[in-house]
Amino acid sequence: MKKEKTGTKLCRHCKSEIPAGAKVCPNCRKKQGGKLKWILLTLIVIIVALSFIGEEEKPKKTSYKIGETATQNDIEITLKSVKTSRGEEYNKPDKNKIFMVCEFQIDNKSDHDIAISSELNFEAYIDDYSLNQDFMAFSLDEFQEKNQLDGDLSAGKKMNGIIAYQVPKDWKQLEIKVQPDFWDEKIKFVKKR
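All values reported here derive from a predicted model rather than from experimental measurement. (Residues numbered from 1 in each chain as written. Predicted model: local features only at pLDDT ≥ 70, side-chain atom pairs only at ≥ 80, totals over all residues. Heavy atoms only, no water.)

### Overview of the nonpolar core
(1) Moving on: Among the nonpolar cores identified, the biggest contains 29 residues, and Cys102, Phe104, Ile106, Phe122, Leu174, Ile176 and Phe189 are the most heavily contacted of them.
(2) Moving on: Elements supplying a minimum of two residues to this core: strand S4 (75–85), strand S5 (97–108), strand S6 (114–116), strand S7 (122–126), strand S10 (158–168), strand S11 (173–178) and strand S12 (187–192).
(3) Moving on: The element contributing the most residues to this core is S5, with 5 residues.
(4) Moving on: Ignoring anything within four residues of it in the chain, the contact list for Leu174 reads Val82, Met100, Cys102, Tyr125, Ile126, Leu131, Phe189, Val190 and Lys191.
(5) Moving on: Judged by nonpolar contacts, the second largest core, of 8 residues, contains Phe138, Leu140, Phe143 and Ala164. (Core = buried A, V, L, I, M, F, W, Y, C linked by side-chain atoms within 4.5 Å. Buried < 20%, exposed > 50% of the residue type's maximum accessible area, 1.4 Å probe, protein only. Helix = DSSP H or I, 4+ residues; strand = E, 2+ residues; numbered from the N terminus. Contact = heavy atoms within 4.5 Å.)

Structure (structure tokens):
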């Protein structure tokens, strides 16, 4: 029971009556008070907890469109363009198909060299069916000046090149997954008709 006498209070530990301003109980020698330290400690815990909650995290982007740049481990990859061609007089795609040529820019902003292989780092799907590269498109006049996406890319350097496929004329969606490094997640680029 707390006594209501002016100028006294009960010790928090031994419950004996002590002067109201006492910081240490004269009987049990234990410190009194501490409300301020508990208030401050509670306030610090709340601030730390709120800092972890902080801003709501943005969901990780799962696919990119033409012109958008995906960054992974300081490697930036951009699908610059997707062009189609019916071919030329002596270089035509298979029946009911067209050439699809995808131009990529890769910017190695990391501090180490990387190897880019159009066969190993890229996989493509058209309307959910897997595609194989088609090298015939490289000999078309409009693409002869373009590089293929193959080679070593030094730290701080860029690479620009194309990958070509044969796709059905009535295609609806192209999906290309790029994996700049074997251990990295695949980056997905999507082009809808």
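### Observations concerning the packing of aromatic side chains
(1) Moving on: Counted under the stated rule, the structure contains 4 aromatic pairs.
(2) Moving on: Look at Tyr64 and Phe189: their rings are 5.8 Å apart centre to centre, the planes differ by 45°, and that puts the pair in the tilted class. Placement of the pair is Tyr64 in the loop between helix H1 (35–53) and strand S3 (69–72) and Phe189 in strand S12, with a sequence separation of 125 residues. By the burial criterion, Tyr64 is buried, and Phe189 matches it.
(3) Moving on: Centroid distance Phe135 to Phe138: 6.0 Å. Interplanar angle 20°. Geometry classified as stacked.
(4) Moving on: In this structure an aromatic cluster arises from ring pairing among Tyr64, Phe104, Phe122 and Phe189. (Phe/Tyr/Trp six-rings, centres within 6.5 Å; stacked < 30°, edge-to-face > 60°.)

### Some words on unusual backbone geometry
(1) Moving on: Its identity is not glycine, yet Arg29 carries a phi of approximately 60°, on the positive side.
(2) Moving on: Following the sequence through the fold, Arg29 ends up in the loop between strand S2 (17–19) and H1.
(3) Moving on: Classification of Arg29 by relative accessible area gives exposed; the value is 63%.
(4) Moving on: Despite not being glycine, Asp127 shows a phi value in the positive range, around 50°.
(5) Moving on: As for its placement among the helices and strands, Asp127 is situated in the loop between S7 and strand S8 (129–131).

By themselves, these observations are geometric and do not establish any function.
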